[in-house]
Amino acid sequence: MSRDIPIHSWPCSYYINSDKRWEHGTLSLTRTMVRFTSDQSKESLASFRLSSIMEIKMESSSFIFSTLTVLEQGNVKHWFGSLKPNRVVVYNVLEHFWRERLLSPSTEAQGAESQSSKGQELISLVAGAQRRLEDTGRVLNHQGEQFDNMMQGLDKIDSDLGVADKLLSELESPSWWPFGKLPWRTQQEAKAEEAARAAAGAAGKGSARHKVITSIPAVVSKGGDSDLKPGCLSVLVSSLEVRDTSYQLLHRFERNEVDDIRVHNPYEISVRQRFIGKPDICYRLLSAKMPEAMSVLEMQYKKKVEYTREYAVFKTTPVTSPCDTEGSIWNEGLLQRCHETELPVEVPAGELSQLQVHVLQPAVSQTEAQELRQMLLQLKNLAVEAETELERQDEVLDTLTNSTDRATLHIDKHTCRMKRLL
């Protein structure tokens, strides 16, 4: 994922203090940078890191024009005016990513202190995935034990209901009554059964799981980008909830009501619910922690998640640093010359240039490759075991659902029969 690709851009004007004039251009926000590019010269007139920002404020220029100011380290102040759609939207987005950048642990300092090899980076990524999969396996194991305990409890309930059925049958048809069942009124039976069904339906609805899986701060907009406001996105077991800063519910998307989730980039999605005969309900959400929620959304709504072309650009572009543009171009040119100039099979010692030695060195050593192979095999085994456990739990869940429905129906019938006996 490239850090240079803008997450969001806005047309605006930038005040050049040295020339005492305003320059029209585009303000862009990337994962780590804020940049202003002139429309006329196509040059970057201002570029600074989110981590170097000291303050973001909405002010007025000459007491008339509304502007947005960004105070950088070193007491450098940047003025942005004529922001479209409006400065409040730009302020909400910039302030959100800046705040989340400050609250999250910084990775730039770690990268500046020590640059690890590609092999070590791959090993760390696989190790993180392995730890996450092991945690998932432990959760699945605990969940399977809970399902087994529930099955044992339902079996006991089923046997107790069988005993209750026999006892109720004896009470309803005692041996001394010569005409079979007692003459209960049919209308009262029907009313009691209907009331029991209604109570069971209400209990079923009330027992729907509303456990929050994850909740992330976000900038929320209903429809377009003109009214982006701070809020949060909560991913529940059975729904998605969009709330404002005071945690008031703006909209709840039930799981079966979500028609599509469009992923515009790793930090921006839109959730849509379609209707016939009236406008659709669509919320656009922008968050610095969206990748955390996407891992859950991809599992719950995997058939409804759609990736746009903008997202494909983020995935296909390699990670670069804004200050490494010239160096990358220079390296590409030298590597192209090395490909054009074939290296001899046998080269006398001491005649290899530094660049050629660098090109001949593998990106991943044999030791790192062997370690990666072992870790990937462990990941594969863990994934197979998790898949087997999930399939078993799916079968157990089906059995639990059928047993619970059957037990609920029997309890309702027994309740009606006991009420008639009273």
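Criteria and cut-off values
Residues numbered from 1 in each chain as written. Predicted model: local features only at pLDDT ≥ 70, side-chain atom pairs only at ≥ 80, totals over all residues. Heavy atoms only, no water. Salt bridge = Lys/Arg side-chain N within 4 Å of Asp/Glu carboxyl O. Helix = DSSP H or I, 4+ residues; strand = E, 2+ residues; numbered from the N terminus. Buried < 20%, exposed > 50% of the residue type's maximum accessible area, 1.4 Å probe, protein only. Pairing = 2+ DSSP bridges. Axes fitted to C-alpha atoms, helices over the stretch in contact; angles between N-to-C directions. Contact = heavy atoms within 4.5 Å.

## Some words on the pattern of salt bridges
All chains considered together, the criterion is met by 17 salt bridges. Of the charged contacts, one joins Arg274 and Asp260 as a salt bridge, the two residues approaching to 2.8 Å between their closest N and O atoms. Here Arg274, found in the loop between strand 13 (268-273) and strand 14 (281-286), pairs with Asp260, found in strand 12 (residues 260-265); they are 14 residues apart in sequence, far enough to count as distant. For Asp260, a relative accessible area of 2% puts it in the buried group. Taking the shortest distance from any N to any O, the salt bridge between Asp280 and Arg272 comes out at 3.9 Å. Given the relative accessible area of 33%, Asp280 is considered partly exposed. Residues joined by salt bridges that share partners form a network here, namely Glu95, Arg99, Glu100 and Lys289.

## Some points on the sheet that holds strand 14
Taken in spatial order, the eight strands make up an open sheet running 11-10-9-8-14-13-12-15, and their pairing is mixed. The strands lining the two open edges of the sheet, one partner per strand, are strand 11 (249-254) and strand 15 (305-307). Sheet twist, expressed as the mean angle between neighbouring strand axes with direction ignored, is 30°. Sheet topology note: the strand 12/strand 13 ladder contains five bridges and is antiparallel. Residue Arg262 lies in a different strand from strand 13, and its bridge partner there is Ser270. On top of the sheet, helix 5 (residues 290-300) reaches strand 8 (212-222), strand 9 (229-236), strand 10 (239-244), strand 12, strand 13, strand 14 and strand 15; it is set at about 110° to strand 8, its chief contact.

## Notes on unusual backbone geometry
Going from Lys84 to Pro85, the amide bond is cis rather than trans, its omega being 10°. Assignment of secondary structure puts Pro85 in the loop between strand 7 (76-81) and helix 1 (87-103). Its identity is not glycine, yet Ser82 carries a phi of approximately 55°, on the positive side. Mapped onto the fold, Ser82 is located in the loop between strand 7 and helix 1.

## What to know about the pairing of strand 7
Where strand 1 (residues 8-16) and strand 7 come together, two bridges link them in antiparallel fashion. The residue bridging Ser13 from the neighbouring strand is Gly81, located in strand 7. Between strand 6 (residues 65-72) and strand 7, which pair antiparallel and follow one another directly, the connecting turn spans three residues, one of which, Gly74, has a positive phi of 90°.

## So, the pairing of strand 11
Sheet topology places strand 10 next to strand 11; five bridges connect them, and they run antiparallel. Bridging from a neighbouring strand, Leu240 pairs with Phe253 of strand 11. In this structure, the hairpin formed by strand 10 and strand 11 is closed by a connection of four residues, where Tyr247 is found at a positive phi of approximately 65°.

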